[in-house]
Amino acid sequence: MGHGQAGFTKQMARNVFYGGSVFFALLFAAIVFHSEQRIPQRSNSAAITPQVVAGKKIWETRNCIGCHTLLGEGAYFAPELGNVYLRRGPDFIKAWMKIQPTHTPGRRQMPQFNLNEQQLDELVEFLKWTSQVNTEKWPPNIEG
Ligand code: HEC
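Residues numbered from 1 in each chain as written. Predicted model: local features only at pLDDT ≥ 70, side-chain atom pairs only at ≥ 80, totals over all residues. Heavy atoms only, no water.

## Details of the coordination of the iron atom of the ligand
Here's step 1: Coordination of the iron atom of the ligand by the protein comes from H68 (NE2) and M110 (SD), over a distance range of 2.0 to 2.1 Å.
Here's step 2: One can describe the site at the iron atom of the ligand as octahedral: its six donor atoms subtend angles covering 85 to 179 degrees at the metal. Of the two residues, H68 is situated in the loop between helix 2 (50-61) and strand 1 (69-70) and M110 in the loop between helix 4 (90-99) and helix 5 (117-132); the sequence distance between them amounts to 42 residues. Note on accessibility: H68 and M110 belong to one class, buried. (Donors = N, O, S within 2.8 Å, 3.2 Å for Na, K, Ca; no water. Tetrahedral: all angles 85-135°; square planar, octahedral: opposite > 155°, others 65-115°. Helix = DSSP H or I, 4+ residues; strand = E, 2+ residues; numbered from the N terminus. Buried < 20%, exposed > 50% of the residue type's maximum accessible area, 1.4 Å probe, protein only.)

## Quick notes on the packing of helix 2 against helix 5
Here's step 1: It is at 7 Å that the axes of helix 2 and helix 5 come closest, and there the two elements cross at 100 degrees. The angle between the axes of helix 2 and helix 5 places the two elements in the roughly perpendicular class. Where helix 2 approaches helix 5, its residues Q51, V52, A54, G55, K56, I58 and W59 are matched on the opposing element by Q119, D121, E122, L123, E125, F126 and W129. (Axes fitted to C-alpha atoms, helices over the stretch in contact; angles between N-to-C directions. Parallel < 35°, antiparallel > 145°, perpendicular 65-115°, else oblique. Contact = heavy atoms within 4.5 Å.)

## A word on the site of the ligand
Here's step 1: C64, C67, H68, R107 and M110 are the nearest of the 22 residues found near the ligand.
Here's step 2: Within the side chain of R87, an N or O atom sits 2.9 Å from an oxygen atom of the ligand.
Here's step 3: R88 places a side-chain nitrogen or oxygen 2.7 Å from an oxygen atom of the ligand.
Here's step 4: At the level of secondary structure, the elements contributing two or more residues to the shell around the ligand comprise helix 3 (84-88) and helix 4.
Here's step 5: Taken together, the residues of the shell around the ligand sort by class into 14 nonpolar, three polar and five charged. (Near = heavy atom within 4 Å. Polar contact = N/O pair within 3.5 Å; in protein donor to acceptor, adjacent residues only side chain to side chain. Nonpolar A, V, L, I, M, F, W, Y, C, P; charged D, E, K, R; others polar.)

## What to know about the pattern of salt bridges
Here's step 1: Following the criterion strictly, the structure yields seven salt bridges and no others.
Here's step 2: Of the charged contacts, one joins E143 and R87 as a salt bridge, the two residues approaching to 3.6 Å between their closest N and O atoms. Taken as a pair, E143 in the segment after helix 5 and R87 in helix 3 lie far apart in primary sequence, 56 residues in all.
Here's step 3: What makes E143 partly exposed here is its relative accessible area of 45%.
Here's step 4: Taking the shortest distance from any N to any O, the salt bridge between E117 and K98 comes out at 2.9 Å. Of the two residues, E117 sits in helix 5 while K98 sits in helix 4, which places them 19 residues apart along the sequence.
Here's step 5: Owing to a relative accessible area of 41%, E117 belongs among the partly exposed residues under this scheme. (Salt bridge = Lys/Arg side-chain N within 4 Å of Asp/Glu carboxyl O.)

## Describing the domain arrangement of the protein chain
Here's step 1: Under the domain assignment used here, the protein chain contains domain 1 (9-42) and domain 2 (46-132).
Here's step 2: Distance between the C-alpha centres of domain 1 and domain 2: 42 Å. (Domains from an automatic or database assignment.)

## Looking at the packing of aromatic side chains
Here's step 1: Per the stated rule, a full pass over the model turns up five aromatic pairs.
Here's step 2: The interplanar angle of 20 degrees and the centroid separation of 5.8 Å between the aromatic rings of F92 and W96 together place this pair among those described as stacked. Of this pair, F92 and W96 both sit in helix 4, four residues apart, which is roughly one turn of the helix.
Here's step 3: Overall, the relative accessible area of 36% leaves F92 in the partly exposed class.
Here's step 4: Looking at W96, the relative accessible area reads 33%, which means it is partly exposed. (Phe/Tyr/Trp six-rings, centres within 6.5 Å; stacked < 30°, edge-to-face > 60°.)

## What about the nonpolar core?
Here's step 1: Counting 19 residues, the largest nonpolar core has I93, M97, F126 and L127 as its most contacted members.
Here's step 2: Among the elements of the structure, helix 2, helix 3, helix 4 and helix 5 are those that each provide at least two residues to this core.
Here's step 3: When residues of this core are assigned to their parent elements, the largest contribution, six residues, is made by helix 5.
Here's step 4: If sequence neighbours within four positions are ignored, I93 has contacts with V84, Y85, V124 and L127. (Core = buried A, V, L, I, M, F, W, Y, C linked by side-chain atoms within 4.5 Å.)

Encoded structure:
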């Protein structure tokens, strides 16, 4: 090796920089693509019926999330409800909504929302759908 020809030249450094950048940009794009591909399957979007959509609207307009979490998102005043359909079932949920507030001493209270039968069914369908979202087994147990 002659004078001025270092083992690792600027040209090589430039190639490593650009090559590395392109490699990781492509890898990132591939990972994003892979995630995007899996969203319909993981969110179980085929099961989003008009009833589920209507139930979600009830969930949003009544601000259930102001007290509850749903799959971890929301407030920590009241129980996580992502799996409530699995742990309680549709009949319990509808009955529960109707008997609020329970006025049980020492327990936090939930308001009465005066939902009709159709709205209660829609809410149940929404909570059934959330229980079927593939969250890679989160929360770790049915009580959330
Ligand atoms: C002001 C706060 C508040 C709001 C708003 C609220 N909840 Fe609740 N909810 C509670 C509390 C507190 C409990 C637990 C009460 C208890 O255990 O005695 C509860 C419990 C529940 C349960 C039973 C959970 C279980 O594991 O047994 C369901 C189902 C439920 N809420 C649904 C809803 C839905 C649906 C909405 C919106 C339409 C809603 N809640 C809005 C406070 C609230």
